[in-house]
Amino acid sequence: MKSKDEVLGIFLKWKTMVDNQTGRRIKCIRTNNGGEYKNDHFNKNGVAERMNRTLLEKVRYMLSNAGLDKEFWVEIITYAYHLINHFPSAAINGKTPFEKWYGNLAIDYDSLHAFGSTAYYHVTASKLDPRAKKTIFMGITSGVKGYRLWYPNDKESNIQQGCYL
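**Re the packing of aromatic side chains**
Okay, so step 1: Overall, the coordinates contain five aromatic pairs when judged by the stated rule.
Okay, so step 2: With 6.4 Å between their ring centres and 35° between their planes, Tyr79 and Phe115 make a pair best called tilted. A residue pair is termed long-range when its members are at least 10 positions apart, and Tyr79 in helix H4 (residues 73–86) and Phe115 in the loop between helix H5 (97–102) and strand S1 (118–122) qualify at 36 residues.
Okay, so step 3: By relative accessible area, Phe115 is classed as buried at 6%.
Okay, so step 4: Connected via pairs of aromatic rings, a cluster forms that spans Tyr79, Phe115, Phe137 and Tyr147.

**Points about unusual backbone geometry**
Okay, so step 1: Positioned with a positive phi, Asn93 is a non-glycine residue whose angle comes to about 60°.
Okay, so step 2: Its location among the elements puts Asn93 in the loop between H4 and H5.
Okay, so step 3: A relative accessible area of 75% places Asn93 in the exposed class.

**Structural notes on the pairing of strand S2 (residues 132–140)**
In regular strands, side chains alternate between the two faces of the sheet.
Okay, so step 1: Pairing analysis gives five bridges linking S1 to S2, with the strands arranged antiparallel. Bridging from a neighbouring strand, Tyr120 pairs with Lys134 of S2.
Okay, so step 2: Judged from the four bridges that link them, S2 and strand S3 (residues 147–150) form a sheet pairing that is antiparallel. Looking at the pairing, Ile140 lines up with Tyr147 of S3.
Okay, so step 3: The antiparallel pairing of S2 with S3 creates a hairpin that spans six residues between the two strands, and Gly143 there sits at a positive phi of about 85°.

**A word on the nonpolar core**
Okay, so step 1: By size, the foremost hydrophobic cluster in this structure holds 22 residues, and its most contacted members are Leu68, Tyr79, Phe115 and Met138.
Okay, so step 2: Residue contributions to this core peak at five residues, all from H4.
Okay, so step 3: Other than its neighbours up to four places away in sequence, Phe115 contacts Met62, Ala66, Leu68, Glu75, Ile76, Tyr79, Phe137, Met138 and Gly139.

**Observations regarding helix H1 (residues 7–22)**
Okay, so step 1: Taking 1.5 Å of rise per residue, 16 residues should cover 22 Å, and H1 covers 22 Å from first to last C-alpha, within 8% of that figure.
Okay, so step 2: Among all positions in H1, only Val7, Leu8, Phe11, Lys15, Val18 and Asp19 are buried. One side of H1 carries all its buried residues, which in axial view fall inside an arc of 95°. In H1, the exposed positions that point more than 90 degrees away from the buried face belong to Lys13, Asn20 and Gln21.
Okay, so step 3: Positive phi appears at Gly23, one or two residues downstream of H1, with a value of about 75°.

What counts and what doesn't
- Residues numbered from 1 in each chain as written.
- Predicted model: local features only at pLDDT ≥ 70, side-chain atom pairs only at ≥ 80, totals over all residues.
- Heavy atoms only, no water.
- Phe/Tyr/Trp six-rings, centres within 6.5 Å; stacked < 30°, edge-to-face > 60°.
- Helix = DSSP H or I, 4+ residues; strand = E, 2+ residues; numbered from the N terminus.
- Buried < 20%, exposed > 50% of the residue type's maximum accessible area, 1.4 Å probe, protein only.
- Pairing = 2+ DSSP bridges.
- Core = buried A, V, L, I, M, F, W, Y, C linked by side-chain atoms within 4.5 Å.
- Contact = heavy atoms within 4.5 Å.
- Expected span 1.5 Å × (residues − 1).
- Arc of directions from axis to C-beta.

And the structure:
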């Protein structure tokens, strides 16, 4: 999304997907009175703006805790969403949003790690090089078994996929 005027279109696509997948309709709209949500279209359809505020609070905390720059906000928000969707919620009687949506248990909690924690990934560059490189844990990768890792000493400083040790 490049500007706030795109919010309605993105929301309507999401709303259609939710309606089709669940057969349910949105009942309640909560916003922070942001200008992008104050128009007739949103008054008719609705959005959960409160989650945006919750995610922003989590991003601020995780950035501070990990000692990282703002440039990693996308990685953090992706992992924060993953955590929110896989932890029990009192609002849905102790079930996880994932469980409520798909009907099966969410996750193996042993695979969760603190954002920004030390991680290692296996390398096989040469016989005399170390077998693992020290990195920073940046979250999960969807669709594969692995984690997103950042190697700060890399000249390109790309986020890599690897295994957590």
